[in-house]
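Residues per chain, in single letters:
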Amino acid sequence: MTAPPLALPRPAAAARRGLAARRYGAFALRRSGQALLVIAGAYALVFLVLAAIPGDPISAQLDNPQNGYSEAEKAQIRAFHGLDRPVPVQLLVSVGAALQGDLGTSLSTSQPVTALLGAAIPSTLALAATALVLAILLAAVLGLLSRLLPEGPANSLVRALPAVFLSTPNFLIGLVLIQVLAVQLGLFSLVEPESPLSTLAAALTLAIPVSAQIAQVFITALDESAGQDFAEVALARGLPPARVVVRHLLRPSLLPTVTIVGLVLGEVLGGSLITETIFGRSGVGTVVQKAVTSQDVPVLLAAVVLSAAVFVVVNLVIDLLYPLLDPRLRAPEETR
C-alpha cells in the first residue's frame, strides 16, 4: 500500500497578509499615478480653452485710448504677463510655476491667485464638507427607514421623499430656510453669513437635493440585497429585521452608494455658487463669478483645476475603498 502524497503546506497567514498588502500598495500607486495624469490633462485642457477665448482685462486696458499707453509700454506690460509668448510656451511656464506653488497673478486685481483662493477656500470647504455630511446622513436615514418601516403609508412616504428632494431647486429651499429660520425664528442673522448656524442652513440647502440621489441608490441597493438568498435565510432563522439590515444588507449595499457619493461631489461644488449667493457668503463661487465677469484667466484656470483636482482625489479615494469594501473587487494581481 503506497502512502498518499504529502500536501503542500499553506503559506502562513502573516505572509499572505503581507503579500496582499504589497499588491494593494501597487494597486494604490497605479491609481494615484493615473489620477495625477488626469489632473495634468485637465490643467492643459483648461489652459488651452481659456487661451483660445478672445480678450482679457490686460488687452482691454492697453487698447483703451483714454489710458494713453504707448506701443513700447504696451509691449512691456504684455511681456511682463507673458502674453507675448506662444501658447505652448505659456503653458509650459504656467505648469512650471504651478509645480512651485505659484498660480499666477490676477489680471483684474493684480493680487496673487493663491491669496485670492486661499481666502475663499475655507468658507467653501466648510460649506461643501458640511453639505456632503448632511446629505450622507439624510440618505442613510431614508435608506434604513425604507427597510425597517413596515409596508404602508409611512414606508411609501419615505421612498417618495428622494424624488421630492430631487425635484426641488436648492435656491427655493434656501429662500424657505432663510424665511423660516432667520426671519421668523431668528436662529441666525443674515448679516453674519459665516456663523455656524448660517453655515448649517446653507449646507442643508445644498444637501437636500444631493441626498436624493444618494438615497435613491442606497434604497435600490438595499432592496436588491434583501432579495438575495443570504437575506432570506437570515430572516428564516428568525433574526430581527434591524439586525438583518445591519449585518447582512448594509455592506453589500455600500459599494454603489459610495460610488454615487463620489459622483455627486461635482454637484456639491457646482451648487455652492448658487448657495453662496443666496446666503451672501464669500467663497470660491464668488471669486469665480467675479473672474468670469472680468475675464480673469489666471483665476479661472486655478479655480477650475482646483475643482477638478478635488473631484479626482475624492474619486481616487473611493476607488481605493472598493477592494476594502468587497474582496471580490481586489486588484487583478490579487485574484491570480
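- In the annotation of an unreviewed UniProt entry, the entry for the chain reads ABC transporter permease, and the organism field reads Brachybacterium saurashtrense.
- Among the UniProt annotations of the chain, the heading Subcellular location (unreviewed entry) holds the following wording: "Cell membrane".

Observations regarding the packing of aromatic side chains
Thought 1: For the structure shown, the criterion picks out two aromatic pairs.
Thought 2: A ring pair is formed by Tyr24 and Phe27, whose centres lie 5.9 Å apart and whose planes are at 45 degrees; its orientation type is tilted. Of the two residues, Tyr24 and Phe27 are both situated in helix α1 (residues 13–52); the distance of three residues between them amounts to about one turn of the helix.
Thought 3: Among the residues examined, Phe27 registers a relative accessible area of 4% and is labelled buried.

Focus: the pattern of salt bridges
Side chains carrying opposite charge are able to pair once their charged atoms draw close together.
Thought 1: In total, this model carries three salt bridges according to the counting rule given.
Thought 2: The shortest N-O distance in the salt bridge between Asp223 and Arg159 comes to 2.9 Å. Here Arg159 lies in helix α6 (residues 153–167) and Asp223 lies in helix α8 (residues 196–226), a separation of 64 residues in the sequence.
Thought 3: Shared partners join several salt bridges into a network, and the residues in it are Arg147, Arg159 and Asp223.

Describing the UniProt feature "transmembrane region" (unreviewed entry) in the chain
Thought 1: Residues given the UniProt feature "transmembrane region" (unreviewed entry) here are residues 35–53, 125–145, 157–180, 253–279 and 299–322.
Thought 2: Each end of residues 125–145 is marked by a C-alpha atom, and these two atoms are 30 Å apart; helix forms 100% of the span and strand 0%.
Thought 3: From the first C-alpha to the last, residues 253–279 spans 35 Å; its make-up is 100% helix and 0% strand.

Side note on the side chain of Ser146
Thought 1: Mapped onto the fold, Ser146 is located in helix α5 (residues 113–148).
Thought 2: Its relative accessible area of 2% is what places Ser146 among the buried residues.
Thought 3: Residues contacting Ser146, with those up to four places away along its chain left out, are Asn155, Val158, Arg159 and Ile219.

Things to note about the packing of α5 against helix α12 (residues 297–325)
For any two helices packed against each other, one specifies the crossing angle of their axes together with the interaxial distance.
Thought 1: Between α5 and α12, the least distance of the axes is 10 Å, while the angle of their chain directions is 50 degrees. Taken together, α5 and α12 sit at an angle that is classed as oblique. Pair α5 / α12 crosses with right-handed handedness. Contact residues: α5 offers Val113, Leu116, Leu117 and Ile121, while α12 offers Pro298, Val299, Ala302, Ala303 and Leu306.
Thought 2: Of the residues assigned to the contact of α5 with α12, the class counts are nine nonpolar, no polar and no charged.

Digging into the confidence of the model for the chain
Thought 1: Residues at a pLDDT of 70 or more form 87% of the chain, whose mean pLDDT is 80.
Thought 2: The low-confidence segment residues 331–336 (pLDDT under 50) makes 10 contacts with residues lying over four places distant or belonging to another chain.

Considerations on the side chain of Ser253
Thought 1: Checked against the element boundaries, Ser253 lands in helix α10 (residues 241–279).
Thought 2: For Ser253, the side chain forms a polar contact with the main-chain oxygen of Ala221, separated by 3.4 Å.
Thought 3: Of note is the side chain of Ser253, whose polar atom sits 2.7 Å from the backbone oxygen of Leu249.

What about α6?
Thought 1: Its 15 residues place the ends of α6 21 Å apart at the C-alpha level, agreeing with the 21 Å of an ideal helix rising 1.5 Å per residue.
Thought 2: Considering bend angle alone, the principal kink of α6 is centred on Ala160 and spans about 30 degrees; proline Pro162 follows within four residues of it.
Thought 3: All buried positions along α6 are accounted for by Asn155, Val158, Pro162 and Phe165.
Thought 4: Elements that come into contact with the buried residues of α6 comprise α5 and α8.

Parameters at a glance
Residues numbered from 1 in each chain as written. Predicted model: local features only at pLDDT ≥ 70, side-chain atom pairs only at ≥ 80, totals over all residues. Heavy atoms only, no water. UniProt positions renumbered as here; feature names shortened; annotations may be inferred. Phe/Tyr/Trp six-rings, centres within 6.5 Å; stacked < 30°, edge-to-face > 60°. Helix = DSSP H or I, 4+ residues; strand = E, 2+ residues; numbered from the N terminus. Buried < 20%, exposed > 50% of the residue type's maximum accessible area, 1.4 Å probe, protein only. Salt bridge = Lys/Arg side-chain N within 4 Å of Asp/Glu carboxyl O. Contact = heavy atoms within 4.5 Å. Axes fitted to C-alpha atoms, helices over the stretch in contact; angles between N-to-C directions. Parallel < 35°, antiparallel > 145°, perpendicular 65-115°, else oblique. Left-handed = near helix turned anticlockwise from the far one by under 90°. Nonpolar A, V, L, I, M, F, W, Y, C, P; charged D, E, K, R; others polar. pLDDT = per-residue confidence, 0-100. Polar contact = N/O pair within 3.5 Å; in protein donor to acceptor, adjacent residues only side chain to side chain. Expected span 1.5 Å × (residues − 1). Bend = angle between axes of the 7 residues up to and from the residue.

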